[in-house]
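# Close look at the chain arrangement
Spelled out from the first residue to the last, the chains are:
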Amino acid sequence: MALLKVKFDQKKRVKLAQGLWLMNWLSVLAGIVIFSLGLFLKIELRKRSDVMNNSESHFVPNSLIVMGVLSCVFNSLAGKICYDALDPAKYAKWKPWLKPYLAVCVLFNIALFLVTLCCFLMRGSLESTLAHGLKNGMKYYRDTDTPGRCFMKKTIDMLQIEFRCCGNNGFRDWFEIQWISNRYLDFSSKEVKDRIKSNVDGRYLVDGVPFSCCNPSSPRPCIQYQLTNNSAHYSYDHQTEELNLWVNGCRAALLSYYSSLMNSMGAVTLLVWLFEVTITIGLRYLHTALEGVSNPEDPECESEGWLLEKSVSETWKAFLESLKKLGKSNQVEAEGADAGQAPEAG
């Protein structure tokens with residue numbers, strides 16, 4: 001028994017074809033939107049690729065770009081099919097290809113749904129990518145004279161100013177690395193010598209942060225050196241007083257920014273996916289309704305359209321049987337090839 005059977009007369013078939021034609025061209029616009037979102041996300045990720053550890057984060061924008069292009073192609077073709085469906089002579093050339101085309105549309109909808117899930121689930125991989133990338137970026141902050149790393153100081157400073165953050169997890173991350181280049185250290189100074197000797201790795205560590213960590217909204221002039229030394233500053237207690245630095249770490253700030261972008265893009269892609277599923281269902285009804293016309297010479301006659309020719313369970317069983325037959329035929333062909341090779345070996 002056919003699933004979700006609907007009766008169509010000539011008027012209903014024409015309205016369905018016209019409605020699907022309009023929806024397909026709206027989907028072309030939606031495909032352009034998805035392509036634009038993927039391109040925008042790719043540009044945003046490339047802007048800060050220096051503080052990201054790998055290229056896995058580009059999987060989602062690349063997928064959005066590809067799905068946007070495919071959406072434009074498939075929906076343009078479907079719009080042409082729906083337009084020609086009104087003319088029996090023009091529809092005849094599409095008739096043999098419509099069923100395979102619907103199968104491709106189903107695969108496209110599955111792929112689009114998986115990309116939508118990736119938009120919502122990207123946060124985990126992005127978090128680890130940012131954690132390692134920011135850590136390495138801070139490590140190379142001082143290498144202003146090293147080719148290939150001389151831009152890192154500017155990148156980190158602009159990042160901390162733009163996103164109002166400091167360090168990887170917080171401002172104390174700067175205490176654990178030498179962020180001042182040896183070029184600007186006076187090695188004849190006793191303080192510099194003592195600090196370097198007191199460190200196992202021979203690094204110059206200070207309880208200070210770069211200027212880009214300073215919060216300009218703070219009423220007090222920025223304290224960026226000797227942050228843990230209360231006696232170095234008047235009326236100052238680093239444990240109780242609110243510091244005039246950005247409190248949030250850059251990993252959390254960037255993660256929040258990209259997560260909001262991904263959630264918004266995921267929501268848009270989900271709406272487009274629902275629209276695409278609706279179009280695929282409409283195309284299936286149009287296909288079966290036109291196939292069910294008993295007398296092609298009488299376009300006014302009624303026909304029946306359905307979603308599935310059999311019930312869901314019967315369709316699933318038929319699908320499994322076809323897979324088994326396909327597997328058996330491949331096995332027979334392989335055995336025949338082996339039998340043919342045996343006499344040659346003899």
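Looking up the protein in UniProt gives the name Peripherin-2, with the organism given as Canis lupus familiaris. Turning to the protein, the UniProt annotation filed under Sequence similarities states: "Belongs to the PRPH2/ROM1 family."

## Brief notes about the overall build of the protein
Of regular secondary structure, the protein possesses eight helices and two strands. Along the protein, helices and strands appear, N-terminal first, in the series β-α-α-α-α-α-α-α-β-α. Across the 346 residues that make up the protein, the buried fraction comes to 39%. Taking all contacts inside the protein whose residues are at least 6 apart in sequence as the whole, residues at least 24 apart take part in 73%.

## Description of the confidence of the model for the protein
For the protein, the average pLDDT comes to 82, and 82% of its residues sit at 70 or higher. Here helix α8 (residues 312–345) stands out as the element of the protein with the lowest mean pLDDT, 60, in contrast to helix α5 (residues 152–163), whose mean of 93 is the highest.

## Looking at the side chain of Ser71
Note on placement: Ser71 falls in helix α2 (residues 59–84). Residue Ser71 is classed as buried on the basis of its relative accessible area of 1%. Those residues in contact with Ser71 that lie beyond four places of it in its chain are Ser27, Gly31, Phe108 and Glu276.

## Some remarks on the packing of aromatic side chains
In this structure the tally under the stated criterion is ten aromatic pairs. Judged by centre distance (5.4 Å) and plane angle (85°), the ring pair of Phe74 and Phe108 falls under edge-to-face. Of the two residues, Phe74 is situated in helix α2 and Phe108 in helix α3 (residues 88–121); the sequence distance between them amounts to 34 residues. These aromatic residues form a ring-pair network of at least three members: Tyr141, Trp174, Trp179 and Tyr225.

## Things to note about the UniProt feature "glycosylation site" in the protein
Those places that UniProt annotates as "glycosylation site" correspond, in this numbering, to Asn53 and Asn229. The class for Asn229 is partly exposed, based on a relative accessible area of 28%. In this view, Asn229 contacts Asp207 and Tyr236; residues no more than four positions away in its chain are not counted.

## Re unusual backbone geometry
For residues besides glycine, phi is generally negative; the peptide bonds are generally trans as well. For Arg164, which is not glycine, the phi dihedral falls at a positive 55°. Following the sequence through the fold, Arg164 ends up in the loop between α5 and α6 (190–198). Within the chain, Gln226 stands out as a residue other than glycine whose phi angle is a positive 50°. Looking at the element boundaries, Gln226 is found in the loop between α6 and α7 (250–291). Residue classification places Gln226 among the partly exposed positions, given a relative accessible area of 35%.

## Details of empty space enclosed by the protein
For the structure shown, the criterion picks out two cavities of 30 Å³ or more. Each pocket or cavity is described by its volume, and for the largest cavity that value is around 60 Å³. Around the largest cavity sit Asn24, Phe74, Asn75, Ala78, Tyr101, Cys105, Phe108, Asn109, Glu276, Ile279, Thr280 and Leu283, which together line it. Counting residues per element, the ones that place at least two in the lining of the largest cavity are α2, α3 and α7.

## So, the state of the cysteines
Tallied over the full model, the rule gives three disulfides. Here Cys165 connects covalently by a disulfide to Cys250, the sulfurs 2.1 Å from one another. Judged by the sign of its S-S torsion, about 85°, the bond between Cys165 and Cys250 is right-handed. Pair noted here: Cys165 is in the loop between α5 and α6 and Cys250 is in helix α7, with a separation of 85 residues, a long-range link. Given the relative accessible area of 0%, Cys165 is considered buried. Here Cys250 falls in the buried class, since its relative accessible area comes to 2%. Here Cys214 is linked by a disulfide to Cys222, with a sulfur-sulfur distance of 1.8 Å. Sign of the S-S torsion, about -70° for the bond between Cys214 and Cys222, identifies this disulfide as left-handed. According to the relative accessible area criterion, Cys214 is buried, its value standing at 16%. Numbered in order of appearance, the disulfide-bonded cysteines of the protein are paired 1-6, 2-3, 4-5.

Rules used throughout
Residues numbered from 1 in each chain as written. Predicted model: local features only at pLDDT ≥ 70, side-chain atom pairs only at ≥ 80, totals over all residues. Heavy atoms only, no water. UniProt positions renumbered as here; feature names shortened; annotations may be inferred. Helix = DSSP H or I, 4+ residues; strand = E, 2+ residues; numbered from the N terminus. Buried < 20%, exposed > 50% of the residue type's maximum accessible area, 1.4 Å probe, protein only. Contact = heavy atoms within 4.5 Å. pLDDT = per-residue confidence, 0-100. Phe/Tyr/Trp six-rings, centres within 6.5 Å; stacked < 30°, edge-to-face > 60°. 1 Å grid on protein atoms, 1.4 Å probe; cavity = no way out; pocket = protein on both sides within 12 Å on 5 of 7 lines; lining within 4 Å. Points joined across faces, edges and corners; volume = space filled by probe spheres on them. Disulfide = S-S within 2.5 Å.

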